[in-house]
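# Structural overview
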Amino acid sequence: MHRFEGRRALVTAAGSGLGRGVGFRLAREGARVSLWDRDVELLEAAAKEAAAEGLSIEIQIVDMLDANAIAAAARELEENSGGPDVLVNNIGGSLHTPFKFLEQSDGDWELVMAANVTACVRTTRAVLPGMVTRGYGRIINMGSKAGRFGSLFAGANYVASKGAMQAFTLQIAQEFGPNGITCNSVCPGAVVTPRVERLLAERQSEEERRRVLESIPVRRHGQVEDIAAAIAYIASEEAGFVNGATLDVNGGQAMSI
Ligand SMILES: NC(=O)c1ccc[n+]([C@@H]2O[C@H](COP(=O)([O-])OP(=O)(O)OC[C@H]3O[C@@H](n4cnc5c(N)ncnc54)[C@H](O)[C@@H]3O)[C@@H](O)[C@H]2O)c1
């Protein structure tokens, strides 16, 4: 499939984990992709792998907690390649803050809100004017099962931040739909990246992990490619009538009507 031929995509926090998987998926489907991350080694490794595969992937060192860095990188992208048609707001996570609410400090809340909400708001604000001018855009916010149903291993700050992004998604969808821009959220259940593997090992016993797995109707955790495939659909041109939607990608672990 070459659904993204001629399209440019930006994926934030994409040196590893889900972001990297999404970026590679879009590039394999023909997009020219820009990966942002603050970790230079991860970015360089991704660039090397992309070059070996002949993929059109560019890397940019950006600390997503730095407003000026986001603005400068977005400006550079706009000037060099005309700005993205697809934005995947992937930056986020519980950032190893405590699980228990009463153990979370103001600093834990500020950090998690800064990464999961403010950084995505800033990136969206930086790329939207270009999308409006071109009359086309796909914005995908990386939500989480946690933001809709609560979490067994990430705390209230993370759950609240992903809930905020759900609400943000609806309003951007409403306001920019008339400009040919859709905004949707994709909400993964636990995807066993190295980081999540460490978190699960630390916060759940073997017995708890076995019970969680039994509660997932498809009887497995998610893979990066499960999420990348869902995002590739919502980011594609053919998903133009899907707007303000939430796509749960959790194997049926949490469902709603
Ligand atoms: N992995 C899961 O199970 C899961 C489930 C639901 C939702 N999510 C969401 O998916 C997104 C990605 O999760 P992941 O598990 O792949 O993440 P991850 O923790 O594996 O990190 C991905 C990347 O973020 C980069 N990063 C961290 N802080 C940064 C900063 N300030 N500036 C720039 N880059 C920074 C890291 O260098 C890393 O390469 C997050 O929004 C997360 O909340 C993940």
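Before reading on, note that the structure itself is shown above.
What comes next is a walk through the structure. Everything numeric in this text was worked out from a predicted model, so none of it was measured.

## Side note on the packing of aromatic side chains
- This structure, assessed with the given rule, holds one aromatic pair.
- Ring geometry for Phe-101 versus Trp-109: centroids 6.2 Å apart, planes at 85 degrees, classification edge-to-face.
- Relative accessible area serves as the criterion here: at 24%, Trp-109 is assigned to the partly exposed category.
- The residue whose ring lies beneath Arg-7 is Tyr-136, and the NZ or CZ to ring-centre distance is 3.7 Å.

## Thoughts on the pairing of strand E5 (residues 137-142)
- Burial within E5 is extensive, with six of its six residues counted as buried.
- Here E5 shows no split at all, with Gly-137, Ile-139 and Asn-141 on one side and Arg-138, Ile-140 and Met-142 on the other all buried.
- With four bridges joining them, strand E4 (residues 86-89) and E5 adopt parallel strand pairing. Bridge pairing in E5 places Asn-89 opposite Asn-141.
- Since E4 and E5 lie parallel, the crossover through helix H4 (residues 106-134) that links them has a hand, and here it is right-handed.
- By the bridge criterion, six bridges tie E5 to strand E6 (residues 181-188) in an arrangement that is parallel. Following the sheet pairing, Asn-141 is matched in E6 by Ser-185.

## Examining the site of the ligand
- Taken together, 29 residues sit near the ligand, with Leu-18, Asp-37, Tyr-158, Val-191 and Arg-195 positioned nearest.
- In the model, an oxygen atom of the ligand is placed 2.6 Å from a nitrogen or oxygen of the Tyr-158 side chain.
- Isolated, the ligand exposes 840 Å² of accessible area, and the fraction of that covered by the protein chains is 91%.
- For the shell around the ligand, the secondary structure elements donating two or more residues are helix H1 (17-28), helix H6 (156-176) and helix H7 (194-203).

## What about empty space enclosed by the protein?
- According to the stated counting rule, one finds one cavity of 30 Å³ or more in the structure shown.
- Here the largest cavity is characterised by a volume of approximately 40 Å³.
- If you trace the largest cavity, you find it lined by Arg-8, Ala-9, Arg-32, Val-33, Ser-34, Glu-58, Leu-77, Ser-81, Gly-83 and Pro-84.
- Here the element with the most residues in the lining of the largest cavity is strand E2 (residues 32-37); it accounts for three residues.
- Of the residues contributing to the lining of the largest cavity, the split by class is four nonpolar, three polar and three charged.

## Structural notes on the pairing of E2
- Taking burial as the measure, the six residues of E2 include five buried ones, the bulk of the element.
- Bridge count for strand E1 (residues 8-11) against E2 is four bridges, and the pairing is parallel. Across the sheet, residue Arg-8 finds its bridge partner in E2, namely Arg-32.
- For E2 and strand E3 (residues 57-61), the ladder comprises five bridges, and the chain directions are parallel.

## Topic: the environment of Glu-5
- Residue position: Glu-5 is located in the segment before E1.
- Put simply, Glu-5 and Ala-31 are 26 residues apart on the chain and 5.5 Å apart in space, counted from C-alpha to C-alpha.

## Thoughts on the packing of H4 against H6
- Their axes nearest at 9 Å, the elements H4 and H6 cross at an angle of 15 degrees. As judged from the angle between their axes, H4 and H6 are roughly parallel. Seen along the crossing, H4 lies across H6 with a hand that is right-handed. Together, Asp-108, Trp-109, Val-112, Met-113, Asn-116, Val-117, Cys-120, Val-121, Thr-124, Leu-128 and Val-132 of H4 and Ala-156, Asn-157, Tyr-158, Ala-160, Ser-161, Lys-162, Ala-164, Met-165, Phe-168, Ile-172 and Phe-176 of H6 make up the contact between the two elements.
- Classifying every residue of the contact of H4 with H6 by side-chain character gives 16 nonpolar, four polar and two charged.

Criteria and thresholds
- Residues numbered from 1 in each chain as written.
- Predicted model: local features only at pLDDT ≥ 70, side-chain atom pairs only at ≥ 80, totals over all residues.
- Heavy atoms only, no water.
- Phe/Tyr/Trp six-rings, centres within 6.5 Å; stacked < 30°, edge-to-face > 60°.
- Buried < 20%, exposed > 50% of the residue type's maximum accessible area, 1.4 Å probe, protein only.
- Lys NZ or Arg CZ within 6 Å of the ring centre and 35° of its normal.
- Helix = DSSP H or I, 4+ residues; strand = E, 2+ residues; numbered from the N terminus.
- Pairing = 2+ DSSP bridges.
- Right-handed = clockwise from strand over helix to strand, strands pointing away.
- Near = heavy atom within 4 Å.
- Polar contact = N/O pair within 3.5 Å; in protein donor to acceptor, adjacent residues only side chain to side chain.
- Areas by Shrake-Rupley, 256 points an atom, 1.4 Å probe, with all protein chains shown as cover.
- 1 Å grid on protein atoms, 1.4 Å probe; cavity = no way out; pocket = protein on both sides within 12 Å on 5 of 7 lines; lining within 4 Å.
- Points joined across faces, edges and corners; volume = space filled by probe spheres on them.
- Nonpolar A, V, L, I, M, F, W, Y, C, P; charged D, E, K, R; others polar.
- Axes fitted to C-alpha atoms, helices over the stretch in contact; angles between N-to-C directions.
- Parallel < 35°, antiparallel > 145°, perpendicular 65-115°, else oblique.
- Left-handed = near helix turned anticlockwise from the far one by under 90°.
- Contact = heavy atoms within 4.5 Å.

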